[in-house]
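Spelled out, the chains give:
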Amino acid sequence: MKNADSLPVKEFLSVNENDYVGACGRFLLRQSAAGNKSAKDPVWILRRKKDEIKALVMASGSTVIPVLGTLYDRTADSIPQMKFLKSFLRLKTLHSLQGLKSEVIVLEEEIGKTGRKTADIIDYDLMSLDKPPDEKGFSCGPSGLILRVPAMIDLDAVAPLQTAYEKEEVLPKGSIFSPAASRINTAQIITKGKVLAAQLNGRFVGKINVSAVSFTRYQVGGVYVHPHFRGQGIARRMATEFISGLIGEGRGVTLFAKKTNAAARSLYTRLGFTVRGDYRITYY
């Protein structure tokens, strides 16, 4: 992607933002990282006309993200041969492929032709909310529950929650967990992101944070409650307060819930989230 492509790419992503919040967030980070290595991540652009973008395939570090928009239709011969992938993947080490499930499958098939093997596949519900969540959530949780924004002084207490979340919800099969990388990630969430933690009797028992920021929406992630404290309404209270604050800023909220996590999907549905579609992360 050349500098001249920035505006048309932004416009293309903006139109399709609701389904591609993560991709929009990566684009914004890319644009703000001028001079850094992330600004050099390749972006493949398919054009219908000289100035009309039809689809994108983005790289962010070792992650590849398809943004095919209305291009893809299995009932039509609208997808071009993605011969570019061989050279595209040569530019970056491929660790994961993520996006709308139907679009990830398209690239899975093409990547498979290069001889790459998948290590794990995780499917999610892509869910969104554009109005304040159900107010009943504010009254949930045990007596004495305190919600507050953690500071760096709380790192040692919050890091175990992030570690447990990553092991339970993020780490693909066969991967080796890095405690050091997880701690660095926790520190970045506290210092650079939006995060809320739950305390009970002085102990941190849950957390929730923003994982991506797009043009008009937040992507929420890192939602975790210690197993010993589940079933008490802590997650609902925490999510209600946190998400209400985000929507109060005039933004919409998007999140992903694992297809296998019935409790999380039920919680978000009760808060008012609706399912927009299927999302997939494929690991290599």
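Note that the structure is predicted; figures quoted are calculated from it, not measured.

Procedures and definitions
Residues numbered from 1 in each chain as written. Predicted model: local features only at pLDDT ≥ 70, side-chain atom pairs only at ≥ 80, totals over all residues. Heavy atoms only, no water. Helix = DSSP H or I, 4+ residues; strand = E, 2+ residues; numbered from the N terminus. Buried < 20%, exposed > 50% of the residue type's maximum accessible area, 1.4 Å probe, protein only. Contact = heavy atoms within 4.5 Å. Areas by Shrake-Rupley, 256 points an atom, 1.4 Å probe, with all protein chains shown as cover. Expected span 1.5 Å × (residues − 1). Phe/Tyr/Trp six-rings, centres within 6.5 Å; stacked < 30°, edge-to-face > 60°. Pairing = 2+ DSSP bridges. Core = buried A, V, L, I, M, F, W, Y, C linked by side-chain atoms within 4.5 Å. Axes fitted to C-alpha atoms, helices over the stretch in contact; angles between N-to-C directions. Parallel < 35°, antiparallel > 145°, perpendicular 65-115°, else oblique. Left-handed = near helix turned anticlockwise from the far one by under 90°. Nonpolar A, V, L, I, M, F, W, Y, C, P; charged D, E, K, R; others polar.

Peer 1: Help me out: how do you make sense of the overall build of the protein chain in this one?
Peer 2: Summing up its helical and strand segments, the protein chain has eight helices and 11 strands in all. The buried share among the 284 residues of the protein chain stands at 50%. Sequence-distant contacts in the protein chain: of pairs separated by 6 or more residues, those separated by 24 or more amount to 72%. Summing over all exposed atoms, the protein chain offers an accessible surface of approximately 14200 Å²; the carbon and sulfur share of this is 52%.

Peer 1: Before we go on, may I ask you to explain helix H2 (residues 21-32) in this structure?
Peer 2: For the α-helix, the turn length of 3.6 residues means that residues three or four positions removed from each other point alike. In a regular helix each residue adds 1.5 Å, so 12 residues correspond to 16 Å; H2 covers 17 Å between its end C-alpha atoms and thus fits that length. Inspection of H2 places Val-21, Gly-22, Ala-23, Cys-24, Gly-25, Phe-27 and Arg-30 among the buried residues, and these make up the whole buried set.

Peer 1: Where do I start with the packing of aromatic side chains in this structure?
Peer 2: Aromatic rings in a pair are described by how distant their centres are and how their planes are angled relative to each other. Considering all chains together, one arrives at five aromatic pairs under this definition. Ring geometry for Tyr-124 against Tyr-279: centres 6.5 Å apart, planes inclined by 70 degrees, an arrangement best described as edge-to-face. Residue Tyr-124 is located in strand E5 (residues 120-129), and its partner Tyr-279 is located in strand E11 (residues 274-283); the two are separated by 155 residues in the primary sequence. Owing to a relative accessible area of 8%, Tyr-124 belongs among the buried residues under this scheme. Summarising the aromatic geometry, the rings of Tyr-268 and Phe-273 are spaced 5.8 Å apart at their centres and angled 65 degrees between planes, so their arrangement reads as edge-to-face. Here the two residues Tyr-268 and Phe-273 agree in accessibility, since each one is buried.

Peer 1: Please clarify how the pairing of strand E4 (residues 96-100) should be interpreted in this entry.
Peer 2: The side chains of a regular strand alternate, first on one face of the sheet and then on the other. Across the five residues of E4, five count as buried, placing the element largely inside the fold. Here two bridges tie strand E3 (residues 63-67) to E4, and the two strands are oriented parallel to one another. Counted as the bridge partner of Val-64 is Leu-97 from E4. As paired elements, E4 and E11 share five bridges and run antiparallel to each other. Residue pairing across strands places Leu-97 opposite Thr-282, the latter belonging to E11.

Peer 1: Even after reading the chapter, I still don't get the nonpolar core, so can you show me in this structure?
Peer 2: Taken as a class, soluble globular proteins show a tendency for nonpolar side chains to be buried jointly. Membership of the largest hydrophobic core comes to 30 residues, with the highest contact counts inside it found for Ile-208, Val-220, Ile-243, Tyr-268 and Phe-273. Those elements giving two or more residues to this core turn out to be E5, strand E7 (195-200), strand E8 (203-213), strand E9 (217-225), helix H7 (234-247), strand E10 (252-258) and helix H8 (262-271). Per-element accounting of this core gives the leading share, seven residues, to H7. Leave out the neighbours within four places in its chain, and Phe-273 touches Met-127, Ser-128, Leu-129, Ile-243, Val-253, Leu-255 and Tyr-268. Formed by 22 residues, the second largest nonpolar core is a distinct cluster that contains Ile-53, Met-58, Ile-122 and Tyr-283.

Peer 1: It is not clear to me how the packing of helix H1 (residues 6-15) against H2 should be interpreted in this structure. Could you clarify?
Peer 2: Direction vectors running N to C along H1 and H2 enclose 155 degrees, while the axes themselves pass 10 Å from each other. One finds that H1 runs roughly antiparallel with respect to H2. Between H1 and H2 lies a crossing whose hand is left-handed. In contact with Ser-6, Val-9, Lys-10 and Leu-13 of H1, H2 contributes Ala-23, Cys-24, Phe-27 and Gln-31. Taken together, the residues of the contact of H1 with H2 break down into five nonpolar, two polar and one charged.

Peer 1: What is the right way to read the pairing of E3 from this model?
Peer 2: With five of five residues buried, E3 lies mostly within the body of the structure. Here E3 shows a buried face lined by Thr-63, Ile-65 and Val-67 and a second buried face lined by Val-64 and Pro-66. Where strand E2 (residues 52-60) meets E3, five bridges bridge the pair, whose relative direction is antiparallel. Note that in E3 the partner of Leu-56 across the bridge is Val-67. Counted along the chain from E2 to the antiparallel partner E3, the turn is two residues long, and its residue Gly-61 has a positive phi close to 65 degrees.

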